[in-house]
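If you want the building blocks of each chain, they are given just below.
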Amino acid sequence: IFHFTKGKGTSLNNIIAVCPGSFDPVTVGHIDIIHRAASMFSKVVVVVMKNTAKSPLFTAEERAQMIRESTTDLPNVTVDVFDGLLADYTKAIGAGAIVKGLRAMSDFEYEFQMALTNKKLNPNTETVFFTTKAEYMYLSSSMVKQVGSFGGDISDFVPESIHQKVIERLERKL
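Residues numbered from 1 in each chain as written. Predicted model: local features only at pLDDT ≥ 70, side-chain atom pairs only at ≥ 80, totals over all residues. Heavy atoms only, no water.

*Asks:* Explanation requested: the sheet that holds strand S2 (residues 43-49) in the structure shown.
*Replies:* Spatial strand order, S3-S2-S1-S4-S5: five strands in an open sheet with parallel pairing. Pairing within the sheet leaves two strands with one partner each, and these edge strands are strand S3 (77-82) and strand S5 (126-131). Each strand axis lies, on average, 30 degrees off the axis of its neighbour in the sheet, ignoring direction. Across six bridges, the pairing between S2 and S3 is parallel. Residue pairing for S3: Val44 is matched across the bridge by Val77. (Pairing = 2+ DSSP bridges. Helix = DSSP H or I, 4+ residues; strand = E, 2+ residues; numbered from the N terminus. Axes fitted to C-alpha atoms, helices over the stretch in contact; angles between N-to-C directions.)

*Asks:* How should the environment of Ser70 be read in this particular structure?
*Replies:* On the secondary structure map, Ser70 appears in helix H2 (residues 60-70). In this structure, the C-alpha to C-alpha distance between Ser70 and Val26, residues 44 residues apart in sequence, is 8.6 Å. A distance of 2.8 Å separates a polar atom in the side chain of Ser70 from the backbone oxygen of Met66. (Polar contact = N/O pair within 3.5 Å; in protein donor to acceptor, adjacent residues only side chain to side chain.)

*Asks:* Teacher, can you tell me more about the layout of surface pockets here?
*Replies:* If a probe as big as a water molecule is rolled over the atoms, it shows which places are left empty. Roughly 1200 Å³ of internal volume is contained in the largest pocket. Residue lining of the largest pocket: 44 residues in total, with Pro20, Gly21, Ser22, Lys100 and Glu111 positioned closest to the centre. Looking at the lining of the largest pocket, the elements with two or more residues in it are strand S1 (16-21), helix H1 (28-40), H2, strand S4 (97-102), helix H4 (105-121) and helix H5 (141-149). Among the elements that make up the lining of the largest pocket, the one with the highest residue count is H4 (eight residues). Here the lining of the largest pocket is composed, by residue class, of 18 nonpolar, 17 polar and nine charged. (1 Å grid on protein atoms, 1.4 Å probe; cavity = no way out; pocket = protein on both sides within 12 Å on 5 of 7 lines; lining within 4 Å. Points joined across faces, edges and corners; volume = space filled by probe spheres on them. Nonpolar A, V, L, I, M, F, W, Y, C, P; charged D, E, K, R; others polar.)

*Asks:* Whenever I open this one, the pattern of salt bridges confuses me. Can you help?
*Replies:* Any two side chains of opposite charge can pair, on the condition that their charged atoms come close. Considering all chains together, one arrives at nine salt bridges under this definition. Note that Lys100 and Glu111 form a salt bridge whose closest N and O atoms lie 3.4 Å from each other. One end of the pair, Lys100, is in strand S4; the other, Glu111, is in helix H4, and eleven residues separate them in sequence. Comparing Lys100 with Glu111 shows no difference in burial state: the two are buried. (Salt bridge = Lys/Arg side-chain N within 4 Å of Asp/Glu carboxyl O. Buried < 20%, exposed > 50% of the residue type's maximum accessible area, 1.4 Å probe, protein only.)

*Asks:* What's the story with the packing of H2 against helix H6 (residues 160-173) in this structure? I'm lost.
*Replies:* Two packed helices can be described by the angle between their axes and the distance between those axes. The interhelical angle for the contact between H2 and H6, taken along N-to-C directions, is 155 degrees, at an axis separation of 8 Å. The angle between H2 and H6 places the two elements in the roughly antiparallel class. Each of Glu62, Met66, Glu69 and Ser70 in H2 lies in contact with H6, whose residues at this interface are Ser161, Ile162, Lys165, Val166 and Arg169. (Parallel < 35°, antiparallel > 145°, perpendicular 65-115°, else oblique. Contact = heavy atoms within 4.5 Å.)

*Asks:* Would you take a moment to explain the nonpolar core for this structure?
*Replies:* A general feature of soluble globular proteins is that nonpolar side chains tend to end up buried together. Grouped together as the largest cluster of nonpolar side chains are 39 residues, with contacts concentrated most on Phe41, Val44, Val46, Ile67, Val99, Val144 and Val166. When residues in this core are grouped by element, the largest group, six residues, is from H1. Sequence-distant contacts of Val44, defined by excluding residues within four places in its chain, comprise Ala17, Cys19, Ala37, Ala38, Asn76, Val77 and Thr78. If you look at the next biggest cluster of nonpolar residues, it comprises eight residues, including Val47, Met49, Tyr89 and Ile98. (Core = buried A, V, L, I, M, F, W, Y, C linked by side-chain atoms within 4.5 Å.)

*Asks:* I keep staring at the packing of aromatic side chains and nothing clicks. Help me out?
*Replies:* Aromatic ring pairs are defined here through the distance separating the ring centres and the angle between the ring planes. In this structure the tally under the stated criterion is four aromatic pairs. Relative to Tyr89, the ring of Phe82 has its centre 5.0 Å away and its plane inclined at 55 degrees; by these criteria the two rings are tilted. Since its relative accessible area comes to 23%, Phe82 is described here as partly exposed. Ring centres of Tyr138 and Phe157 lie 5.9 Å apart, and the angle between their planes is 70 degrees; this geometry places the pair in the edge-to-face category. One end of the pair, Tyr138, is in the loop between S5 and H5; the other, Phe157, is in the loop between H5 and H6, and 19 residues separate them in sequence. With relative accessibility at 13%, the residue Phe157 sits in the buried group. Ring pairs connect the aromatic residues Phe108, Phe112 and Phe129, which therefore count as one cluster. (Phe/Tyr/Trp six-rings, centres within 6.5 Å; stacked < 30°, edge-to-face > 60°.)

As structure tokens, then:
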């Protein structure tokens, strides 16, 4: 992110950051990372990535819409959908940072490998890791789907604005 010339760095205020993920569904942990990124960067693009290794509960556009509904209080956040390499996406929009949330060391190993790959493919973009808040360390979209599919209360796990949509979709899947 920082390009130092004669002791002067580039301000974070002029950098577009990308928060990528599958967000199936978006959780309060995701929203926390998005809020924190939005407070640091001039623009944050949350990009719903299509992951062929996963069988999603929601379509990519449905996931993007749920993120939009959950981030209406953040004027510098936009949401997009992309099917391809994240490095290509960051090049296309001129992003200087990729923001990733880390819950545990196991996340770090995978994310570090991805960060190095993205840096090789797009040297102009840095990956920034945000550690999750302690109250969200256990939280994942997979856990939300599992708890919800058994009728468990997921109201503390997903934004209130999408809670009912997630419940209804899980009920249809049963």
